[in-house]
Amino acid sequence: MDAATQKPENVASAPVAVAPAIHIAPAPHLFGGVLTTRRMMVDVLLALVPVLVASLWMFRLYTVLQLAICMVSALVAETVFTKMRGRRPTLGDGSAVVTGAILAFSLPATAPWYVGFIGAFVAIGLGKIVFGGLGQNIFNPAMVGRAFVLIAFPVAMGASAYVAPTAGLDGLTQATPLTALKMLGQSTGLLPLFLGTTNGSLGETSALACLIGGLYLCARRTASWEIPAAAILAVAAISGLLGVLGPRTGWTLFHDLSGGAFLFGAFYIATDPVSSPLTPKGKWMFGAGFGALVMLIRRMSGYPEGVMFAVLIMNALVPLINRWAIPTPVGGPVPVKKTA
Amino acid sequence: MSQDGPTPLERFINGILPENPVYRQILGMCPTLAVTNSMEGALTMAGAVAFVLICSNVLISLIRGLLKPHLRILVFTLTIATFVTIADRVLAAYMYEMSKQLGPYVPLIIVNCIIICRCEVCASKQGLRAALTDAVGQALGFTLGLASIATVREILGSGTWFGRWLGWRVIPEAAPQHWSPWVVMVLPPGAFITLGLLMGAVNWFAARKAK
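Read on for a plain summary of the structure. This one's a predicted model, so the numbers in the text were calculated from it and none came from an experiment.

Residues and elements named next belong to chain A. Within the fold, Thr 205 resides in the loop between α10 (190-195) and α11 (207-219). Relative accessible area serves as the criterion here: at 4%, Thr 205 is assigned to the buried category. Non-local contacts of Thr 205, meaning those with residues more than four positions away in its chain, are made with Phe 59, Leu 193, Gly 196, Thr 198, Asn 199 and Gly 200.

Spelled out as structure tokens, the structure:
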């Protein structure tokens, strides 16, 4: 795998299936010269364009500022840390740019410069390079960086940080929909949630943009459709059940689906091929667990939104899921050799 | 017996860096992670551990002829517990605030593996001089480990160094839009991250030196 992360082109052009054994290596899996790391990363960046448009419309220059800080910091961090490890710089595969972009889209608009800067360094350094670089990381790097800055700078990242009446943008004068629901019991209309005219992290507000980009990712097979499908089903089921048991005025399962960062997380973050399970069965489990954890954190914890922690917890469970979801080969299960 | 193995001077030097309790033996992790969010806490803990380590090493070394193999761990523990109780009460009497802040971690020195490890591998088999230099070296190594972690955590987490005793401010106070202390460094995750990174750095330097 090490060689694959270093020289994806060479591996991709090599003949497929040299060994007859079932070979399970860490993702991304390269085959046939089509699916290279760079192509996948470019796909993710293309899929982020609708999110970028929605974010620019809603948060104007704050989006540009945060994206610039996070992406430049991520690239600098990648260069510095790969150099420290004595490796060839891996800027070309685009993974650092994607990590920086995802991190920027998960920050509040008015977060100070050092939040994105430190977040990007932690994401690349502690989230990726300490594990051995791209393809070896257990956790989604961007979410590691965000979790770090969330705990490190609660004032700049907490629920109150999203409200900035002095920033001169209408969207920033109100609480985020999920905070308003949790703290004040106020529901937000479905149309604003769907179109994204609400407050929130830079990339999360518009469900429509996330759907467009996410469907593109799934159609290109860059993201596995099983993960968002399972997550959406899980959230819909749990939210529908809770709605029957204890209805909240003006808040339905569609609000839960399109509110907060859920769709952004389900399509862009949870589908990271490195830190999600390998088999379709495992991906269903991963997605369902992700959706269930999001709902659990939204309803039962002090945090208004739980996408970040849900992704990190499910990332930690991926080795276990992989073990549960080993596919049965054609012709029945492989007999287990008894060790005397 | 005292003829083979390292000399007392080698034991002293080994304890400080080549066999540093924190970075090399990875012993005594509980206080290392728990009390290192300020230099004051780290140095008080290191002082208490040094006192207990040196006293129990000396005492065990003096009574090593009387030790029965099957009862030796019990004797070690009772000896250590005696000195830990002394250290705990002295701290509570003369450094009440610090004693409150360290809380259960002072009594927990009893189960600090560094001390019982030194009693077992050194003091119970060596003469007074070897046991004493060994204990002093290990205590210095532990102090160095705690102080290095606390330096990183206090500077990043609070912006100060010896903030409470000397009031030294390393990072000037700034408006929240320019800079902010990293709260995570004061919290337990900061301890794990700092320890891991510093241990990596120590290993890296050791590997470079070995080349």
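With 13 residues of chain B at the interface, the matching set in chain A holds 10 residues. Across the interface of chain B and chain A, roughly 990 Å² is buried in total on both sides, 78% from carbon and sulfur atoms. Taken as a group, B:Trp179, B:Trp182 and B:Val184 account for 37% of the area that chain B buries against chain A, more than any other trio of residues on that side. There are zero salt bridges connecting chain B and chain A. For the interface between chain B and chain A, the tally reads three residue pairs in polar contact (both at pLDDT 80 or more). Among the secondary structure elements, those contributing two or more residues to the side of chain B that touches chain A are α8 (183-186) and α9 (188-210) of chain B. The leading source of residues in the side of chain B that touches chain A is α8(B), at three residues.

Looking at soluble globular proteins, one finds that nonpolar side chains tend to be buried together. In this structure, A:Val115, A:Phe153, A:Phe262, A:Phe264, A:Tyr268 and A:Phe290 are the most contacted members of the largest nonpolar core, which totals 80 residues. With 44 residues, the next largest nonpolar core counts B:Ile60, B:Leu67, B:Leu91 and B:Cys119 among its residues.

Residue and element names in this part refer to chain B. Mapped onto the secondary structure, Thr 32 falls in helix α2 (residues 29-34). From its side chain, Thr 32 meets the backbone oxygen of Gly 28 in a polar contact 2.6 Å long. Dropping the residues within four chain positions of it, Thr 32 is found in contact with Val 22, Leu 27, Phe 142, Leu 146, Ile 149 and Leu 195.

What follows concerns the pattern of salt bridges. According to the stated counting rule, one finds 10 salt bridges over all chains in the structure shown. In this structure, the salt-bridge partner of A:Arg220 is A:Asp43, at a minimum N-O distance of 3.1 Å. Linking A:Arg220 in the loop between α11 and α12 (226-245) with A:Asp43 in helix α3 (residues 37-59), this pair joins segments that are 177 residues apart in sequence. With relative accessibility at 36%, the residue A:Arg220 sits in the partly exposed group. A:Asp43 sits in the buried class, given a relative accessible area of 2%. The shortest N-O distance in the salt bridge between B:Glu173 and B:Arg169 comes to 3.9 Å.

The rules behind each value
- For every chain, the first residue of the written sequence is number 1, and numbering continues from 1 onward in sequence order.
- For naming, the first written chain is A and the first written ligand is 1, with later ones following in the order written.
- Per-residue local features of the predicted model are confined to residues with pLDDT of at least 70, and side-chain atom pairs are confined, for both listing and counting, to 80 or more; whole-chain, interface and lining totals are unaffected and use all residues.
- Think of the side-chain values as coming from all heavy atoms in the structure, minus any hydrogens and water.
- The way it works is that DSSP assigns letters per residue, a run of H or I at least four long becomes a helix, a run of E at least two long becomes a strand, and they are numbered from the N terminus.
- Between buried and exposed lies partly exposed: a residue is buried under 20% and exposed over 50% of the maximum accessible area for its type, with that area taken using a 1.4 Å probe on protein chains only.
- Note on definitions: a residue-residue contact is assigned when non-hydrogen atoms from the two residues lie within 4.5 Å.
- For any pair of parts, buried area is found by adding up, for both, the accessible area (1.4 Å probe) each one loses once the two are put together.
- For salt bridges, the criterion is a side-chain nitrogen of Lys or Arg within 4 Å of an Asp or Glu carboxyl oxygen.
- In protein, a polar contact means a hydrogen-donor-capable atom and an acceptor-capable atom, both N or O and within 3.5 Å, with residues adjacent in sequence counting only if both atoms are side-chain atoms; elsewhere, any N or O pair within 3.5 Å suffices.
- Residues belong to a common nonpolar core when they are buried Ala, Val, Leu, Ile, Met, Phe, Trp, Tyr or Cys residues joined through side-chain atoms within 4.5 Å.

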